[in-house]
Amino acid sequence: MASPFNYPPPGGAPNANSSNPLRPFYGVSGESPLQPYYHLESFEDDFTAQQQQQQELNSQEATRELLRYGAIKFVTIGLAVPFENAQTLLQVQYLPTDEHDNGDDSEDARAEQERRDEEFRRAQEEEDEEEDDYYGSGPAGDTGYYSSERRSRRDSIPSPRSSATRLDPSAAVFHERKDFDQSGYLVRTDVYDEESRPAFQLPPLKGGVWSTITTLAKHPTEGYLAPWKGQWANWLYEMMHLFAQPTLEATLNDTFDLYDDTIPLVHLDRVGPNFATMVASHVVVGFVLSPLELIRTRLVVQANSPAHRKYSGLFNCLTTIIAEEGVSALWGGVNLVPTLVYHILTPLFTNSIPLVIDRVFNINSADSPFLYNFAELALNTLDLLIRLPVETVRKRLQLQIQAKIPGKRYETVVETRKRPYVGMIDAIYRIIHEEGGLNKRLSKKTKENESAWYSNWKVRGLYTGLGMHLTTNMAMFVIGAVTNLQDEGDDW
């Protein structure tokens, strides 16, 4: 008996698109009851592809926004860099007063001269010993040929205190003694002496910030691009600080389960924990990025002359400091304490001013805008009086090079103190003791130093650039007052 499956079904051959009677669910995909499952997989694949594409678009958009913001930040920093660099030069230049002029410089010159004389004496003794070994030592009081030969050779070697040639010994100019250092430069005993001032160095800066910018730009070895020295280091510091500080603050707030860091402190009931995390984030990030501030200060103050320039750029300065002074010089040394103090005071005063006005003075910006702006001006001035000396001392200490491996000499575009400061307290004392008071030689050519109220208090060296900051604070106060008056007029 033949199998029934060998006969064709009634109606002819089966259609290719029709379902098999033995497998009714195997046929056209559109007729399968499992088609929704296939559609679900296809939908998930399309959704995943769309998500990946959206993420790529978002990352590209974020990259473009970051580049756009970085370019805008670079331009805005470039507008402020000349004024900041001019203030840095005014802060680090060494201008001793009349009663302390030549004091430390003369001691340094005498110490250097004594060291050279000692080296000359030792070299002479070694040469005499070599001659004795070569010619043979004669009896005491020997006045033979060899003794005369030794004396003639010894007398032919010039002393460092004498000139190599003398045209007219009776001339007064030949009786003047000039001291030289190891590199052959004149040892300056007077910072105001124009004859001994190097060609790459500026004269004493007697004016303000704008006068310093013009003097620097017109100098032959500096040029019109000199006011923008260190801009890349400044921009890199600002960009890294902008991203690192809020990230660390948010991480600390999440770790200690605090309120959102985007909420202003004046709207919080308990401001202590959030204020502590904010100050801690500023201190940590500022300390980590402090090598960029060190590099920026040295690039700004160094001479721009190719023959005397020590650092060619940001990365060269970084590698040179590591090679000559060690990695610890980037964060430690005499710069450690000023760096921590500066980065503690800056966020402490900046962020506590609104809290003090609102909760201590009980002044509301909406109810009393004029009193609020006036209190803000007073507290900003107090902040300036406290932080400006710390900033001045810190920049001067950043110029002190304690090289373990001697390298090229660091030449500065302004006169700096040759003898290094021991620390922060010693720097404050030396600045007040040596540069405090009225300088008659500077006051003859400018009336600014005569009218400076802080000159009589012997703190002139600590508050260099105070006038510019006070003018900025006053301008912000006037702008805020005028804006509040306009708002009140609109309400009426």
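Residues numbered from 1 in each chain as written. Predicted model: local features only at pLDDT ≥ 70, side-chain atom pairs only at ≥ 80, totals over all residues. Heavy atoms only, no water.

1. Let's talk about the overall build of the protein
Phase 1 of the analysis: Of the regular secondary structure elements, the protein holds 14 helices and 0 strands.
Phase 2 of the analysis: In the protein, the succession of helices and strands from N to C terminus is α-α-α-α-α-α-α-α-α-α-α-α-α-α.
Phase 3 of the analysis: Residue burial in the protein is summarised as follows: out of 492 residues, 38% are buried.
Phase 4 of the analysis: Expressed as a percentage of contacts within the protein between residues at least 6 apart in sequence, the contacts between residues at least 24 apart total 74%. (Helix = DSSP H or I, 4+ residues; strand = E, 2+ residues; numbered from the N terminus. Buried < 20%, exposed > 50% of the residue type's maximum accessible area, 1.4 Å probe, protein only. Contact = heavy atoms within 4.5 Å.)

2. Here we look at a nonpolar patch on the surface
Phase 1 of the analysis: Taken together, the side chains of Leu336, Val337, Leu340, Ile344 and Leu348 define a hydrophobic patch exposed on the protein surface, amounting to about 350 Å² of accessible area.
Phase 2 of the analysis: Considering the arrangement of structural elements, one finds Val337 in helix α9 (residues 336–360). (Patch = residues over 30% accessible without salt bridge, like charges linked within 9 Å, V, L, I, M, F, W, Y side chains within 5 Å. Areas by Shrake-Rupley, 256 points an atom, 1.4 Å probe, with all protein chains shown as cover. Salt bridge = Lys/Arg side-chain N within 4 Å of Asp/Glu carboxyl O.)

3. So, the nonpolar core
Phase 1 of the analysis: Among the nonpolar cores identified, the biggest contains 26 residues, and Leu89, Ile321 and Val414 are the most heavily contacted of them.
Phase 2 of the analysis: Per-element accounting of this core gives the leading share, 5 residues, to helix α7 (residues 290–301).
Phase 3 of the analysis: Those residues in contact with Val414 that sit more than four places away from it in its chain are Leu89, Val92, Gln93, Gln201, Leu202 and Leu205.
Phase 4 of the analysis: Counting 17 residues, the second-largest nonpolar core is a separate cluster that includes Tyr342, Leu345, Leu388 and Val390. (Core = buried A, V, L, I, M, F, W, Y, C linked by side-chain atoms within 4.5 Å.)

4. Notes on the pattern of salt bridges
Phase 1 of the analysis: According to the stated counting rule, one finds 14 salt bridges in the structure shown.
Phase 2 of the analysis: Of the charged contacts in the structure, one is a salt bridge between Arg394 and Glu293, with a shortest N-O distance of 2.4 Å. Within this pair, whereas Arg394 is found in helix α10 (residues 369–398), its partner Glu293 is found in helix α7, the two being separated by 101 residues in sequence. Neither Arg394 nor Glu293 differs from the other in exposure class; each is buried.
Phase 3 of the analysis: Put simply, Arg387 and Asp383 hold a salt bridge, and the shortest N to O gap is 2.6 Å. Here the residue Arg387 and the residue Asp383 both occupy positions in helix α10, the gap between them amounting to 4 residues, near one helical turn.
Phase 4 of the analysis: Under the relative-accessibility criterion, Asp383 is labelled buried at 5%.
Phase 5 of the analysis: Connected via shared salt-bridge partners are Glu293, Arg296 and Arg394.

5. Points about empty space enclosed by the protein
Phase 1 of the analysis: Going through the model one piece at a time under the given rule, you end up with 2 cavities of 30 Å³ or more.
Phase 2 of the analysis: Size it by volume and the largest cavity reaches roughly 60 Å³.
Phase 3 of the analysis: Together, 12 residues line the largest cavity, and Val191, Leu202, Pro203, Pro204 and Glu415 are the ones closest to its centre.
Phase 4 of the analysis: Class assignment for the residues of the lining of the largest cavity results in 7 nonpolar, 2 polar and 3 charged.
Phase 5 of the analysis: By volume, the second largest cavity is sized at about 50 Å³.
Phase 6 of the analysis: Residue lining of the second largest cavity: Ser290, Leu294, Ala329, Leu330, Trp331, Asn335, Thr339, Arg394 and Gln398, and that is the complete set.
Phase 7 of the analysis: Only α7 and α10 provide two or more residues apiece to the lining of the second largest cavity.
Phase 8 of the analysis: Of the residues belonging to the lining of the second largest cavity, the class tally is 4 nonpolar, 4 polar and 1 charged. (1 Å grid on protein atoms, 1.4 Å probe; cavity = no way out; pocket = protein on both sides within 12 Å on 5 of 7 lines; lining within 4 Å. Points joined across faces, edges and corners; volume = space filled by probe spheres on them. Nonpolar A, V, L, I, M, F, W, Y, C, P; charged D, E, K, R; others polar.)

6. Looking at the packing of α9 against α10
Phase 1 of the analysis: At their nearest, the axes of α9 and α10 sit 10 Å apart, and the two run at 180 degrees to each other. On the basis of their axis angle, the class for α9 and α10 is roughly antiparallel. Taken together, the residues of α10 that come into contact with α9 (itself represented by Pro338, Thr339, Val341, Tyr342, His343, Leu345, Thr346, Phe349, Ile353, Pro354, Val356 and Ile357) are Tyr372, Ala375, Glu376, Leu379, Asn380, Asp383, Ile386, Arg387, Val390, Glu391, Arg394 and Leu397.
Phase 2 of the analysis: Among the residues making up the contact of α9 with α10, the classes are represented as 15 nonpolar, 4 polar and 5 charged. (Axes fitted to C-alpha atoms, helices over the stretch in contact; angles between N-to-C directions. Parallel < 35°, antiparallel > 145°, perpendicular 65-115°, else oblique.)

7. Points about the packing of aromatic side chains
Phase 1 of the analysis: Overall, the coordinates contain 7 aromatic pairs when judged by the stated rule.
Phase 2 of the analysis: Ring plane angle 45 degrees and centroid distance 5.8 Å describe the contact between Tyr311 and Tyr410, whose orientation is recorded as tilted. Taken together, the residues Tyr311 in the loop between α7 and α8 (314–325) and Tyr410 in the loop between α10 and α11 (424–435) connect sequence positions 99 residues apart.
Phase 3 of the analysis: By relative accessible area, Tyr311 is classed as buried at 1%.
Phase 4 of the analysis: On the accessibility criterion, Tyr410 (14% relative accessible area) is buried.
Phase 5 of the analysis: Between Phe374 and Phe477, the ring centres sit 6.3 Å apart and the planes meet at 70 degrees, which makes this aromatic pair edge-to-face. Of this pair, Phe374 sits in helix α10 while Phe477 sits in helix α14 (residues 466–491); the two residues are 103 residues apart in sequence, bridging distant segments of the chain.
Phase 6 of the analysis: Overall, the relative accessible area of 49% leaves Phe374 in the partly exposed class.
Phase 7 of the analysis: Joined through ring pairs, the aromatic side chains of Phe74, Trp232 and Trp235 make up one cluster. (Phe/Tyr/Trp six-rings, centres within 6.5 Å; stacked < 30°, edge-to-face > 60°.)

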